[in-house]
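Per-entry structural report
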Amino acid sequence: MSVGDDDQINQLRGGIKVDYLSEFTIGSLGAMKVVSGVRVSDNPEDEVISFVTEWAKRAGIRTDARQFGFDVPVSDEDQEKGLRGYEYWVVVEEEPSFLESGLEYKHVGDCKYAIQRVTEPMVDPFERIPLGWKKLAGWVNSRGYKTSCDQDRFWLEEKLEIDGSVYMDLYFPIE
């Protein structure tokens, strides 16, 4: 399948139609200023998302500010304990006047991405999100894109709420 196929949304997985994955697109997020937090635990996503969003509320960051997350590597020892790592960003317009311990202000350079949207990812997050990444990576590799940017590479996840529905955009960095 290629970008623009009308029936892309009905991708097959073992003979079962997968209607929660969108077609693939190419885009850019542009350069961003972000405040970042990282957690390593058995539930890092919920912990760091709560920590960063609560700070953002106290700091007066716009409630509609974009937010991104992604897995971060952990040590073999942490993996053996069942721990995982997750980093979470909230986009800011300028450097905040205060940061709590555990937060960092960063500049993230522009990058080109292959993008796929997952509809209602939290219905089955350990099925839908990994399958989205697998399909997106397969598409990128089959098209011969190079997986690189001049700066650090980030495989981002952005949760969106649109008209009462939840989506997650997956961003795979390419050249």
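Further up the page is the structure itself.
Before going into details, it helps to say that this report is about the structure given with it. None of these values were measured; they are calculated from a predicted model.

It is worth spelling out the overall build of the protein chain at this point. Summing up its helical and strand segments, the protein chain has 3 helices and 10 strands in all. Listing the helices and strands of the protein chain from first to last along the sequence gives β-β-β-β-α-β-α-β-β-β-α-β-β. At a minimum sequence separation of 6, the contacts of the protein chain that also span at least 24 residues come to 71%. In the structure as shown, the protein chain presents an accessible area of about 9900 Å², 47% of it carried by carbon and sulfur atoms.

The first and last C-alpha atoms of helix 1 (residues 44–59) sit 22 Å apart over 16 residues, in line with the 22 Å expected at 1.5 Å per residue. Listing the buried residues of helix 1 in full gives P44, E45, V48, F51, V52, W55 and A56. Viewed end-on, helix 1 has its buried residues packed into an arc of 150 degrees, placing them on one side of the element. Away from its buried face, by an angle of more than 90 degrees, helix 1 presents the exposed residues D46 and K57. Considering only its buried residues, helix 1 is in contact with strand 4 (32–41), strand 5 (67–72), strand 6 (84–92) and strand 7 (103–108). Looking one or two residues beyond helix 1, the residue adopting positive phi is G60, at roughly 75 degrees.

The rules behind the values
Residues numbered from 1 in each chain as written. Predicted model: local features only at pLDDT ≥ 70, side-chain atom pairs only at ≥ 80, totals over all residues. Heavy atoms only, no water. Helix = DSSP H or I, 4+ residues; strand = E, 2+ residues; numbered from the N terminus. Contact = heavy atoms within 4.5 Å. Areas by Shrake-Rupley, 256 points an atom, 1.4 Å probe, with all protein chains shown as cover. Expected span 1.5 Å × (residues − 1). Buried < 20%, exposed > 50% of the residue type's maximum accessible area, 1.4 Å probe, protein only. Arc of directions from axis to C-beta.

Spatial relationships are all this shows, so hold off on functional conclusions.
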